[in-house]
Amino acid sequence: MIGKKKKLSMANRIFHIVNTMIWILVMFIILYPLYLVIIASVSDPDAIIRGEVIWHPVDFSLMGYKAVFKYGELIHSYGNSIIYTFTSVVLSIAVTLSAAYTLSRPKFKGKGLINFYFVFTMFFGGGLIPTFLVMRDVHLYNTPLVIILMGCVSVWNLMVARTYIQSSIPNELYEASMLDGASHFQYFFRLVLPLSKTIIAVLAVYYGVGKWNDYFTGLVYLRDRNLLPLQTILREILATLQVDKSGDYMMSMADNMESMSEAMRVANVAKYCIIVVATGPVVILYGFMQKYFEKGVMIGSLKG
Amino acid sequence: MGVKRGASTAPAKQSPHKRKGVVGKEYWKNNWQLYVLILPAIIYFFVFHYLPLYGIQIAFKDYKAVSGIWGSAWVGLKHFKAFFEAYYFKRLLLNTFLLNIYNLLWSFPIPIILAILLNQIRGDRKKRFIQTTIYVPYFISTVVLAGMLYIFLSPTSGIFNVVRQAMGFRAIDYMADAGAFRTIYILSGIWQGAGYGTILYIATLSGIDQSLYEAAEIDGASIWQKIRYIDIPSLMPTIMMVFILDCGKLLSSNTDKALVMQTAGNIPTSDIIGVYVYNVGLGSGQFSYTAAIGLFINLINFVMIMGVNKISKKTTDVGLF
């Protein structure tokens, strides 16, 4: 009996050692590429080309960042993205939460039909081309509105929010305020909203990240260059990266750079800086919201 | 999330819609505000999801901008026939299917394994740190992910080729290699999504009754045995659910990612339906033809998810609806 126990604890110990090693490896795989981008963004381009930047920055320099911030179109699109993301997140949260509240009321008549109306869109849709033509017909094509509104409510988020309201706001509260003669508006704005901070944070992360990271909507539905969001502009820079003529593109970025070869040199480090600048806000947002994020997702997924 | 969603959609069958007449004045007086609150969402879905359904008709028409969606002439199944007979038909279908099936086979099990292993980590702070970190790649945009791939895999300065050359091999231009496209697509997808994919499983695992583990320990169960006889059976309904959803997507495409990863060199494998529809539809303005392709794929996907759902319901009693 004791021998068996010993063998068991031995097996468990081996499991924990292997498990720890696996996780160290996983953490490395996840974090190293991100780390590499950051250290390369502050290194000297020649050192990057020579393949010397592997564990730490080499010949520290901020020339990449300087070039990025001088590049007018990029900065302009950055501003566009901030506006699009902020507006659409506020709108998304408002529309999602109010609809989720209605769906969470047990006495709401028409729930089955409206649920079907929403869920059906998860399984069948018009597809890219019919959607594009319809957007043109309703005059949303090439307007900032199409970027803000497209994807404004996701069925998934709506269901998570409904579950949250159902499960985390005590029903007694509802009964009591209804007895006091409160209307749905009063109850929703005075009690549900203040008690929904967690789910609001979760929705802000989901909608915000989705909007910030989307390049495709801008690519398909916008024609004016000065309306384009950041990611669509990034894709163009990327398109020049893949044929390895990023230098040409960066030339326009660095108009006061002495020569073509200097511009090429800067381009080699600027691409790392662009990644940092474009991804920074999202990771920071996640960092701030992370506490709520996990909690909200768990609630949504456990009881959804 | 999906496991119990069935419960919420089930009341659809007893929708009170038909009995509207019975709903009294009292009800409307007390509850009209509910309908005001849900109205914006209804309008949103109408404009962005139901109006495009009306646009599907151009798949059966020859779309002309001057005549519009409604006014263009009907041509029946012309565009579908053209697609089935097209030179690219087989390649597109095969590329899309293979990319998705390999992706499913490789990407599907990893979040499950990670969730089970994470569950065994002792110490809450360590666990929380890992959990927070593994979600991070999910927040990186498709464009940036592709940008990182181009940079790291670059034949001249990419870290993979720097290492290869240091070991005496010659450099490879991976992004222009049709044979490498699927591997890169899938591995980068795992890097980005596997951590995030654990959320559902972790939620299920944390809901397991602790007394089960205690009882198993008294009986002298090892960690392996606990995983095999408690964790995995408890995860099964969630696993099935995610599997059904994934099966329904076997012919749909992650257009935006494949589009940014497409280069002249990897077209033989990276040309998938979504990318083709984008390039030919919006690029060359063949609206009706590509709308027909889109509809064809949507229908297959729809049938597939319904089919898998039915099979799953019959064999394991787990279903979406």
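Up top is the structure these notes are about.
Residues numbered from 1 in each chain as written. Chains lettered and ligands numbered in written order. Predicted model: local features only at pLDDT ≥ 70, side-chain atom pairs only at ≥ 80, totals over all residues.

Caption draft 1: Geometry of the overall build of chain A. Per the secondary structure count, chain A includes 15 helices and zero strands. The buried share of chain A, taken over its 304 residues, is 43%. A fraction of 71% describes how many contacts in chain A between residues 6 or more apart in sequence connect residues 24 or more apart. (Helix = DSSP H or I, 4+ residues; strand = E, 2+ residues; numbered from the N terminus. Buried ≥ 20, exposed ≤ 12 C-beta atoms within 10 Å, placed from the backbone. Contact = placed C-beta atoms within 7 Å.)

Caption draft 2: Region of the structure containing the overall build of chain B. Within chain B one finds 16 helices and two strands. In summary, chain B has a C-alpha radius of gyration of 25 Å against a globular reference of 20 Å for 321 residues, an excess of more than 25%. The buried share of chain B, taken over its 321 residues, is 35%. For chain B, restricting intrachain contacts to residue pairs at least 6 apart in sequence, the fraction spanning at least 24 positions comes to 69%. (Rg over C-alpha atoms; globule rule 2.2 N^0.38 Å.)

Caption draft 3: Representation of the environment of N171 of chain A within the structure. Residue and element names in this part refer to chain A. Note that N171 resides in helix α9 (residues 171-179). Exposure remark for N171: the 10 C-beta atoms within 10 Å place this residue in the exposed category. C-alpha separation for the pair N171 and F188, spaced 17 residues apart in sequence, amounts to 13 Å.

Caption draft 4: Molecular detail of the packing of helix α4 (residues 72-104) of chain A against helix α11 (residues 197-213) of chain A. Residues and elements named next belong to chain A. Running from N to C, α4 and α11 cross one another at 140°; their axes reach a closest spacing of 9 Å. In terms of orientation, α4 and α11 fall into the oblique class. Crossing of α4 over α11 shows right-handed handedness. Between α4 and α11, the contacting residues are S81, Y84, T85, S88, V89, S92, I93 and T96 on the first element and I200, L203, A204, Y207, G208, K211 and W212 on the second. Of the residues belonging to the contact of α4 with α11, the class tally is eight nonpolar, six polar and one charged. (Axes fitted to C-alpha atoms, helices over the stretch in contact; angles between N-to-C directions. Parallel < 35°, antiparallel > 145°, perpendicular 65-115°, else oblique. Left-handed = near helix turned anticlockwise from the far one by under 90°. Nonpolar A, V, L, I, M, F, W, Y, C, P; charged D, E, K, R; others polar.)

Caption draft 5: Inspection of the interface of chain A and chain B at higher detail. Taken together, the 86 residues of chain A in the interface contact 84 residues of chain B. Element by element, the count of residues in the side of chain A that touches chain B is highest for helix α1 (residues 2-41) of chain A, at 15 residues. Tallied by class, residues from the side of chain A that touches chain B come to 55 nonpolar, 23 polar and eight charged.

Everything listed here is a matter of coordinates, which is why it stays silent on function.
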